[in-house]
Structure formats: C-alpha cells, structure tokens
Amino acid sequence: MILAIDQGTTGTSCLVFDEQAEPIGRAYREFAQHFPQPGWVEHDAQEIWEVTQAVAGEALHDAGARLGDVTALGITNQRETVCVWDPATGEPLHAAIVWQDRRTATRCEQLRADGREPLVRERTGLVLDPYFSATKIEWLLEHVDGLRERAQDGSALFGTVDSWLIFKLTGEHATDATNASRTMLYDIGAGRWDPELLDLFGVPERALPRVLPSAGSFGVTRADALHGHAIALSGVAGDQQAALFGHACVEPATGKNTYGTGSFVLVNAGLVAPKPPPGLLVTAASTVGQERAYALEASIFVTGAAVQWLRDGLRIIERAEETESLARELDDNGGVYFVPALTGLGSPHWDPHARGTIVGLTRGSERAHIARAALEAIAYQTVDAVRAIERATGEPLRELRADGGASTNSWLMQFQADVLGIPVVLGRLPETTALGAAYLAGVGAGQWTLADLRDADARMAAQQLRRFEPRFDEAHRAALLAGWDDALARARSRHA
C-alpha cells in the first residue's frame, strides 16, 4: 500500500492506494481560513498538521491498513505558502502566510521598479509577485520580533507546507525541487538556492530546507507521528506538479488543468528549462534521479474559491454543488460576468491590484446568474491561460486533461470545452493530485519506474472517466469571450 497526503488550501485529503494504484481508503477534512486584513490570507500551521495527522489515520483505517502494510508515503501540497517554526519545539512561530496573500504587493512593485525582475525571471522562471514565497519570508523576517536573529543562528526554520509536514513526520528539514522552484529563491537551471536572490531578500540559507529529488528518500515517519506506522517518505511534489505527474504527463506537450481553489494549467516542457514566456511561468515539473523535467505554467488564483465565497461570503448557496443546478436553470448568462479577482489576477495578467467585479446586473438578475457567472469565470480564465501557453509553444493543445474538485461539475466541464474549442477529458480518478504523489512515492521506493508511467499515459485513453466535446460555433464562442474581455478590463487596476 501507498499513502498519499494531499494538503490543500482549504483542507487535507489522504488516500491509500494498492499496488495497481487503485484507491482503497480515503478521508478528508477542511480547516479554518483566516483573513486578518484585506488582501491578507493566513492558516494555522499547527491546525494543518493536526488535521493532516487525523485524516491520515482515518484513511489508513478506511483501507484496513495494519502496521507494516504501507510501504511508501507521498506528500503533495498547496504551494508557496510559508511556514516558520522552532526546530527544538516543533511549534510555529507565526501564522502560515498563504499563497493567496497580497501583503507584499508594494514590495514587489518596488523591486520591479528597481529593475530586479529580469534576475528573478532568469534564475527562477517566475515573475515578481506576492504569490511566491520570497517576499513572504522577507516580510516575516522584518515584522516578527527576533526572527531574523533566530533564522541566522538556526533556531527558526522556514519552509513551504511540504517542508513543515516532512519535519513533523520525520524530523528532517527538507523539500523537493518542485516546491523549491516556487519560492523565488531557487535557481531552476542550477538546481540550488541562489546566493544572489538570498541576499536580495535577506534570507539565511541555513534557515531553508535541503532540496531533494521529488522521488527518493526523505526519511522515515516517526511512529508517534503517524499512528504507529513507520513508513518511508519517498515522494514529494507541489500539488500542480503532482497532478501533472498523476495525469502521466511525462512527455513534452502533454498538459492538464487542476480545478481547485485556484486553477493551474501546466504543460510538460521537457528536460531543458525554456526561456520564460510573457505572462507565464517556468517551473520544475519533477526530479527523478538525474532526470530534471520542467513545465510551462499559467496560475489562476481564484476559481473554486469564488464558489466558496458565494457560499461563505455572500451566502447565496449552501453547498458548492448547487451551482451546477443553478447554472442549468438559465438559457444563457443574461449578460452577467463575474471577474473573481478577489486576490488579484494571476496568469497571464499578473495584476495584484485587480479586484473582484460583477458586471451586467439588471433588475432581472437572480442568484442563478451570479452562480453561473462564477462557473463561467473559471472557464474563461482557463481559456486565457491555454491561449497564452499556445502562443508560447506555437502548438495548439489537442485536449485538456482535467482534475480537481470542480471537475466533477459536468455543466462546467461542458462549458469549458465549448469556450475552449477542444475536448476536455476527465481521468479515471478525480483525485489526480494524490495519485501523482502516490506515483512519485512508488517511483522513489522502487515499486514503479518512469517507463511504467509512460505506459500508464497510453492506458489513460481507455480509462477516461468522461470526455466533453465542444458544441459552440466560433461566432457564439467569440461573443462570449468578448463579453469576458470587457468585464476583465473593468476589473483591472490602473497600476497594471
């Protein structure tokens, strides 16, 4: 058996897979979201650990796993979120600053004005944006009393969520290349923490984790950390790279979109890091042995989170699933568009000052129009992302492989195919991110090879859960996208 921990932005899922990579146990729990100021988003790192530990136990129990049955553990995680803790006590020293947090937007503008973005783009493949970890770490060092001194003397450790969980599970301070590549401190070409960037952000290297291959040895879980189970932790990847791996996109020009809190379109770019194209990111896709793969990425900050906002903020729905039936009530969108720039805009716009905007409301507008507009916005943002990738590669995407919570919404998947103009394909499992973590753990433990995954890619065509073919003609598609572009322009900030 292989245990996969999928630590996401709003909750933790754990799945247990058998030797054929079939799920035989699962569990899930949400945890609290904290918004201390406008644009700020935080998590309680201790709560993340406690929820993860509990859910892992529930999944193992669901699978009937006894001590010694589980041979490998994989972790996949929300990326860019920064944790800081005391290595002696294992206690957090501040709330985790979440990837959605915008508190360092002004700092990023200052760095851009100082001409630092070319360095960041060249070394990391990223853009100067508060999305990434470096300015979050810098903010903590400047605003938490005594933290800079503690980081310098080794009594404070930084890490992304994977690193925090690795520490709690094994006592090791480590991360993998995919997560390191999202910090804005890691040279993706050289495969190391970059001295010039560390100096720019004032981050002591000793406070950062060791960077290990995505598939390999990260240590063994302590019995008291995982309900008595001592398991080799042998696979780690950021959630979007894990989903790419889970879709078996191990060959260039294969790609996917994960529909989660945000949405992330990744396309395998091969074994040589390409020059970062406008509006897009270059990121580490995986490191297996000496094989270091890269991906082009378009990061969309708010998709499923917009539906969560309808539920928890506006309270116009009780469950996310209601949006599908509400969308089906309407023949069209009634001219209502929702740009969910609740934490700014990501790829390909990169506008941290954009704000959520609903346009086209009339006296005849109902909650169904807003719910449908939220779903349509997920699809429109994905079109923008895919078109940017196609411009960069010069090749049209033949199909879009889909996973994540919102991929279970059939109305959304059909609308996505309609406005994208290519088929949208669901894999055999909606939990593709966890499957990718399990694949990496299996490869790291020597149970599977990359050749096995290439075979899996060929088998996936026969294992498609569902395939959505586009139905709209070009004129209808163009009219809808023109309305979206108009709404998008209204949401953009004057700073952009």
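Everything that follows concerns the structure shown earlier in this document.
Residues numbered from 1 in each chain as written. Predicted model: local features only at pLDDT ≥ 70, side-chain atom pairs only at ≥ 80, totals over all residues. Heavy atoms only, no water.

> Just checking my understanding: could you explain unusual backbone geometry for this structure?
Both trends apply: most residues other than glycine have a negative phi, and most peptide bonds are in trans. Cis geometry is adopted by the peptide bond preceding Pro-348, which originates at Ser-347 and carries an omega value of -5 degrees. Even without a glycine there, the phi angle at Ala-21 is positive, about 65 degrees. Unlike most non-glycine residues, Trp-350 shows phi in positive territory, near 50 degrees. Here Trp-350 shows up in the loop between β18 (337-339) and β19 (357-359). Accessibility expressed as a relative area gives 14% for Trp-350, which makes it buried. (Helix = DSSP H or I, 4+ residues; strand = E, 2+ residues; numbered from the N terminus. Buried < 20%, exposed > 50% of the residue type's maximum accessible area, 1.4 Å probe, protein only.)

> Teacher, can you tell me more about empty space enclosed by the protein here?
Regions of empty space are outlined by a rolling probe, equal in size to a water molecule, passed over the atoms. Tallied over the entire structure, the rule returns 2 cavities of 30 Å³ or more. If you add up the space inside the largest cavity, you get close to 90 Å³. Considering the residues around the largest cavity, the lining is formed by 14 residues, among which Gly-159, Thr-160, Thr-183, Trp-193 and Leu-208 are closest to the centre. Looking at the lining of the largest cavity, the elements that each hand over two or more residues are β8 (157-160) and α7 (177-180). When residues of the lining of the largest cavity are assigned to their parent elements, the largest contribution, 3 residues, is made by β8. Split by residue class, the lining of the largest cavity holds 8 nonpolar, 6 polar and no charged. For the second largest cavity, the calculated volume is near 60 Å³. Surrounding the second largest cavity, Ile-300, Leu-345, Gly-346, Ser-347, Pro-348, His-349, Gln-381, Asp-384 and Trp-484 form its lining. (1 Å grid on protein atoms, 1.4 Å probe; cavity = no way out; pocket = protein on both sides within 12 Å on 5 of 7 lines; lining within 4 Å. Points joined across faces, edges and corners; volume = space filled by probe spheres on them. Nonpolar A, V, L, I, M, F, W, Y, C, P; charged D, E, K, R; others polar.)

> Looking at this structure, how should I read the pairing of strand β16 (residues 281-288)?
Along a regular strand, successive side chains alternate from one face of the sheet to the other. Most of β16 is tucked away, with 8 of its 8 residues classed as buried. Sheet analysis places β16 next to strand β17 (residues 291-300), joined by 7 bridges and oriented antiparallel. Across the sheet, the residue bridging to Ala-284 is Tyr-294, located in β17. (Pairing = 2+ DSSP bridges.)

> So what exactly am I meant to see when it comes to the side chain of Gln-414 here?
Position of Gln-414 among the secondary structure elements: in helix α13 (residues 410-420). Other than its neighbours up to four places away in sequence, Gln-414 contacts Phe-468, Glu-469, Pro-470 and Arg-471. (Contact = heavy atoms within 4.5 Å.)

> Before we go on, may I ask you to explain the nonpolar core in this structure?
Soluble, globular proteins show a tendency: their nonpolar side chains are buried together. Leu-140, Phe-158, Leu-185, Phe-201 and Leu-412 are the most contacted members of the largest nonpolar core, which totals 112 residues. Beyond its immediate chain neighbours, meaning those up to four positions away, Leu-140 contacts Val-82, Val-84, His-94, Ile-97, Leu-147 and Phe-158. Grouped together as the second largest cluster of nonpolar side chains are 37 residues, Ile-5, Leu-60, Leu-157 and Leu-169 included. (Core = buried A, V, L, I, M, F, W, Y, C linked by side-chain atoms within 4.5 Å.)

> How should I be thinking about helix α2 (residues 105-113) in this particular structure?
Side chains of residues three or four places apart in an α-helix project in the same direction, reflecting 3.6 residues per turn. Listed in full, the buried residues belonging to α2 are Ala-105, Cys-108 and Leu-111. Within α2, the buried residues cover an arc of 120 degrees as seen down the axis, which keeps them to one side. Of the residues in α2, the exposed ones pointing more than 90 degrees away from the buried face are Thr-106 and Ala-113. Contact partners of the buried residues in α2: α3 (117-124), α4 (134-143) and α8 (195-201). Gly-115 lies just past α2 and shows a positive phi near 80 degrees. (Arc of directions from axis to C-beta.)

> When you look at the sheet that holds strand β2 (residues 11-17) in this model, what are you seeing that I'm missing?
Strand pairing within a sheet occurs via backbone hydrogen bonds; the two strands may be parallel or antiparallel. Read across the open sheet, the 5 strands follow the order β3-β2-β1-β5-β13; overall the sheet is mixed. If you trace the sheet from one side to the other, it starts and ends with β3 (23-30) and β13 (233-238), each paired once. Taken pair by pair, the neighbouring strands of this sheet meet at an average axis angle of 15 degrees, ignoring direction. Here strand β1 (residues 2-7) pairs with β2 via 6 bridges, running antiparallel. In the strand pairing of β2, Ala-4 is matched with Leu-15. Running over the sheet, helix α6 (residues 161-170) touches β1, β5 (72-77) and β13 and is turned about 150 degrees from β5. Its contacts with the sheet put helix α9 (residues 239-246) on β5 and β13, and the angle it makes with β13 is roughly 110 degrees. (Axes fitted to C-alpha atoms, helices over the stretch in contact; angles between N-to-C directions.)

> What is the right way to read the sheet that holds β16 from this model?
Across the sheet, which stays open at both edges, the 7 strands sit in the order β16-β17-β15-β14-β20-β21-β22 with mixed pairing between neighbours. Two strands in the sheet have a free side with no partner beyond their single neighbour: β16 and β22 (466-468). Within the sheet, the average angular offset between the axes of one strand and its neighbour, ignoring direction, is 30 degrees. Looking at chain direction, strand β14 (residues 255-259) and strand β20 (residues 400-403) are connected through 3 bridges and run parallel. Along β20, the bridge assignment pairs Thr-258 with Asp-403. Contacts between helix α12 (residues 367-393) and the sheet are confined to β14, β15 (263-270), β17 and β20, with β17 contributing the most and set at about 135 degrees to the helix.

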